[in-house]
Structures are given as C-alpha cells and as structure tokens.
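A closer look at the structure
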Amino acid sequence: MKSMADLLHEHPFFKGMDESHLDFIAGCGENHIYNAGDYIARENEPADHFYLIRAGQVAVECFVPNYGAICLQTLHDNDIFGWSWLFPPYMWTFDARAVDEVHAIRLDGKCLREKCETDTAMGAELLKRFARIVTQRLQATRMQLMDIYSQQRPPLDPGQ
Amino acid sequence: MIPALFRIDERKEEFSGTFTLGIRREGESALPRFKPGQFNMLYAFGTGEVAISLSGSPADTGVYQHTIRSQGLATQALARLQKGDAIGVRGPFGCGWPIDTVAGREVLIIAGGVGMAPLRPLLYSLRDKAHGAARVRLFYGARHPDEILYRSELERWADSLDITLTVDQGDSTWRGRVGVITQPLETADINGGKAVAFLCGPEVMMRFCIQTLLTKGLSESDIYLSMERNMKCATGLCGHCQWGPNFVCKDGPVFSYGSVRSWFNLRAL
C-alpha cells in the first residue's frame, strides 16, 4: 500500500517539490471517501482543507434561491480543488458535491497556512502551483463566458 | 458548376435551430463517393447557396447527409424544406481529412458544437478499422446536454470508441462533465509524438485546443483543422473565401496547422 508521501510524489502538482516540504504536506493529508451526493465543501463555511481527487467526479456548484444548484464545473481524477484556505476570510465561495463515489486526499490547509507563514520558501512554492491552477480555471471560465457554441452571435464590431 | 436536382429524403431536428437533411439525387440511385471533411454547396431555390459539410457515412452511396445550423437566409430557407422538396446541389468539394496519416497512431478527434458534423464521417471511416489507427479518441464539447449532436449514436459507439463529452452548461439530468473541452484535453494522457489531431469547431475553441496540443508534444503538422469562410463558387475562382494564399473551398477546408499558422493567428483575416 502506498504511503501518503508516495501518492503526493506521483501527482504532477507536487512534481519537483522539495522533499522536506513534501513530507510535511504528506503529514497534513488523509484519505477520504465521499458517497454520491455528499457535500465536500459548502459555501460560506470555513475553508480549512483542499483536495486532490484520486477517483471520481466532483461538481462545483452555486445554489440559486427558487432554482436550485447550478453546476459551474466538474472536476475529475487527479484534479486539485480548493484554494479558499489560502486567502482571508478562509471561507468556501462555492459548494463542492460528490457526483459519484469520490476517493480524495484531504489536505489540512490550516496547518499548511501556519507552516507557510514561517517557511516562506514552501509558501512561495505552494502559491506558484496554486496560481497555475487558478489561471487554468480562470481561462476555462472565460471560455465558458464567451458561449462560443451559441447560435446567437454578437454583430461584428464595425470598429474592428 | 450547375446544381444537380436533389430531393429531401429525410429531415431530422437535432435540436432547436439545428437539423439534418438526408438528400437523394433525382433519377440516380448512386452518388459520387465523398471523402470525410468535404462539403457540398446546397442551393435553396429562390434564396441562395451555402457551403455545408457532409455529415453522413462515406459508405452510404445513396444519400448525402448534411447537418445544418439555421443562421442566415439560405440556411433558414433550407430549414423550411420538408420531405420531397427540391434542393440544388453542387459538390462534393474540397480536400478531406488526411485519413492516410492515421496508421499506427493515436487519433484525437476534437469537436466543438456543430463542428461535430464534419468529423462524423471521419468517425464512421475510422470505426471500420481499415485505416489502422492505434487508438481513436473523441473529445466533444457542446453548449448544453440538449445540444449534443448524434447523442444516441455516440452512446452506441461508446463501447468501441474512447469518448469524452463535456458541456458548458449542465442541467439536472446531466451526470457527465461540465466545463470546456480544453480541460479534459489538458489532463488526458497523450503521447504527442505518436498522435495526430483533427479539430473542428469555433475558431476560438480550436485556438485554445491547439495551444494544449502543442504543450502535449504534437507537432504543428500533425494538427489538422477544418476552416470556415464565406464560400461562394467552391472552386477557387471567385476569391470570397481567400485566406492568406489559400482558398478555403479549394485548398481546404482541412488544413494542417503548420501550413496555415501565419494566417490562423492573424486577426481579422
């Protein structure tokens, strides 16, 4: 059976990370299984963890009164989610719901946050890696916003 | 250059505003074979002509299928046609997907929205295994679950074809992926040196997919795009679809990214 450090070592997110940092992060991690329908995170609740999905599908959702939950994006095997633990007020901004059985590594962001305050090199490394994920998600969101498959195209801008 | 008279044999509403026509030539049982990726000029009498990709099986020699999005006057006129109505047809025109490049390779078929239509004949061809592709994978992004083209067919093909579907907006019935097509492409395990990619969809989508494919190690010459421009004559004479030194109707609509990169990345061309 693989150790937590082995599992993190194999993940591209942690590739090239200093061994001592990785060992510390592994110490903050634990395996969790969520059943279909379980909420892994809830909007406006404290965000003390982030997650590495080992298997399964997670829906990032926003609840709209009188309508229900809107799925903004789904995340899958090897995706990492949750960066609200990095920034005040450390609250989740969306719901995360297991669509099917999800096997995930739950990492203690609160513990890492405190460590990063004293070990700035590790803090910078983690921030760089999260910035990459945030950028990818932002690009994807921008593409969704463009609604490129829509039949209704905006008229050509005569100034272009 | 003179349109042949065809009749509507079948009309299927794919989803609101998008439909598929099956057309047969008046007085002929067999039609000229077409290559996946080619198009016909469809003439709605009294309104005008429009270039539409062939979307059926190349093995079906009696009927041409075209999946059409109702957008301009000509396609709106085509949308009003019913079984038995007459239609003018010129074609098939253009070069198709370079299917001879797939032997022994991993084939990535990447479709966005109604861009799935010109790739469907390619899927039909690759499914018969004669072309020797090592693996065929379809990545298909649609706007909404209701706007997935050929959905029941894709469900049937899922046993033999590696299919990744994603929608921009899910609904309560959708259990699959929500998000843009570049995301599953980014996380897919692709051997860039052995892969060849065929893309069709909005240019913005193709642009982002190309960036992802290049980071996966595919060479520019192994990425093929189906381009869309305002085609009129379909034979490279009128110049309406000129794109850099190319005429999309005659030299395309399929181009390797390596051969058109300069024009593809030029704004407003």
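What you see as residue numbers is a count from 1 along each chain, following the sequence as written. Chain letters and ligand numbers both follow the written order, the letters beginning at A and the numbers at 1. Per-residue local features are limited, in this predicted model, to residues with pLDDT of at least 70; the limit for side-chain atom pairs, both in listing and counting, is 80 or more; totals at the level of whole chains, interfaces and linings are taken over all residues. Computation of side-chain values: all heavy atoms of the structure, hydrogens and water removed.

Remarks on the overall build of chain A
Numbering of helices and strands starts at the N terminus; helices are DSSP runs of H or I of at least 4 residues and strands are runs of E of at least 2. For chain A, the helix and strand inventory stands at 4 helices and 8 strands. Sequence-ordered secondary structure for chain A, helices as α and strands as β, is α-α-β-β-β-β-β-β-β-β-α-α. Using a 1.4 Å probe on the protein chains alone, a residue whose accessible area is under 20% of its type maximum counts as buried, one over 50% counts as exposed, and one in between counts as partly exposed. Every one of the 160 residues in chain A was classed for burial, and the buried ones make up 44%. If you take every contact in chain A between residues at least 6 apart in sequence, the share linking residues at least 24 apart comes to 74%. Taking the 15 positively charged and 23 negatively charged side chains of chain A as two groups, their mean positions are separated by 4 Å. Whether two residues touch is decided by their heavy atoms; if any such pair falls within 4.5 Å, the residues are in contact. Charge counting follows a simple rule: Lys and Arg are positive, Asp and Glu are negative, and His as well as the terminal groups are ignored. Every charge is mapped to an atom, namely NZ of Lys, CZ of Arg, CG of Asp or CD of Glu.

Things to note about helix 4 (residues 120–146) of chain A
All names here are of chain A. Taking 1.5 Å per residue, 27 residues should reach 39 Å; helix 4 reaches 38 Å between its end C-alpha atoms and fits that length. All buried positions along helix 4 are accounted for by M122, G123, L126, R129, F130, I133, R137, A140, M143 and Q144. Remark: D147 follows helix 4 within two positions and exhibits a positive phi of approximately 50°. A helix is expected to span 1.5 Å for every residue after the first.

Digging into the sheet that holds strand 2 (residues 18–25) of chain B
Each strand in a sheet pairs with its neighbour through backbone hydrogen bonds, running either in the same direction (parallel) or in the opposite one (antiparallel). Residue and element names in this part refer to chain B. With antiparallel pairing, the 6 strands of this open sheet are ordered in space as 4-3-6-1-2-5. Whereas interior strands pair on both sides, the edge strands pair on one side only; in this sheet they are strand 4 (48–53) and strand 5 (64–69). Geometrically, the sheet is characterised by an average inter-axis angle of 40° between neighbouring strands, direction not taken into account. Examined bridge by bridge, strand 1 (residues 4–15) and strand 2 share 8 bridges and lie antiparallel to one another. Across the sheet, the residue bridging to R11 is L21, located in strand 2. Any two strands are treated as partners once DSSP identifies two or more bridges connecting them. Inter-axis angles, ranging from 0 to 180 degrees, are taken between N-to-C directions of lines fitted to C-alpha atoms, where helices are fitted over the stretch in contact.

Concerning the confidence of the model for chain A
Confidence of the predictor in every single residue is expressed as pLDDT, which spans 0 to 100. Per-residue pLDDT for chain A has a mean of 90; in total, 94% of the residues score no lower than 70. Element-level pLDDT for chain A is lowest in helix 1 (residues 4–10) of chain A, with a mean of 86, against a maximum mean of 97 in strand 2 (residues 39–41) of chain A.

Some thoughts on the interface of chain A and chain B
Residue-level contacts link 19 residues of chain A with 29 residues of chain B. For the pair chain A and chain B, the two sides together bury roughly 2100 Å², of which 52% comes from carbon and sulfur. Accessible-area loss on putting two parts together, using a 1.4 Å probe and summing over both, is the definition of buried area adopted here. The largest per-residue losses of area from chain A upon contact with chain B belong to M143(A), Y149(A) and Q151(A), which jointly make up 39% of the total buried on that side. By convention in these notes, a salt bridge is any Lys or Arg side-chain nitrogen within 4 Å of a carboxyl oxygen on Asp or Glu. Taken together, chain A and chain B are joined by 1 salt bridge. Here R143(B) ties to D147(A) by a salt bridge, and the two come within 2.7 Å at their closest N and O atoms. Polar contact criterion, stated in full: a pair of N or O atoms within 3.5 Å, where within protein one must be able to donate a hydrogen and the other to accept it, and residues adjacent in sequence count only if both atoms are side-chain atoms. On inspection of chain A and its partner chain B, the count reaches 7 residue pairs in polar contact (both at pLDDT 80 or more). Broken down by secondary-structure element, the contributors of at least two residues to the side of chain A that touches chain B are strand 5 (68–75) and helix 4 of chain A. With 5 residues, the single largest contributor to the side of chain A that touches chain B is helix 4 of chain A. Polarity classes work like this: nonpolar for Ala, Val, Leu, Ile, Met, Phe, Trp, Tyr, Cys and Pro, charged for Asp, Glu, Lys and Arg, and polar for all others, with Gly in that last group. Residue classes in the side of chain A that touches chain B are distributed as 8 nonpolar, 8 polar and 3 charged.

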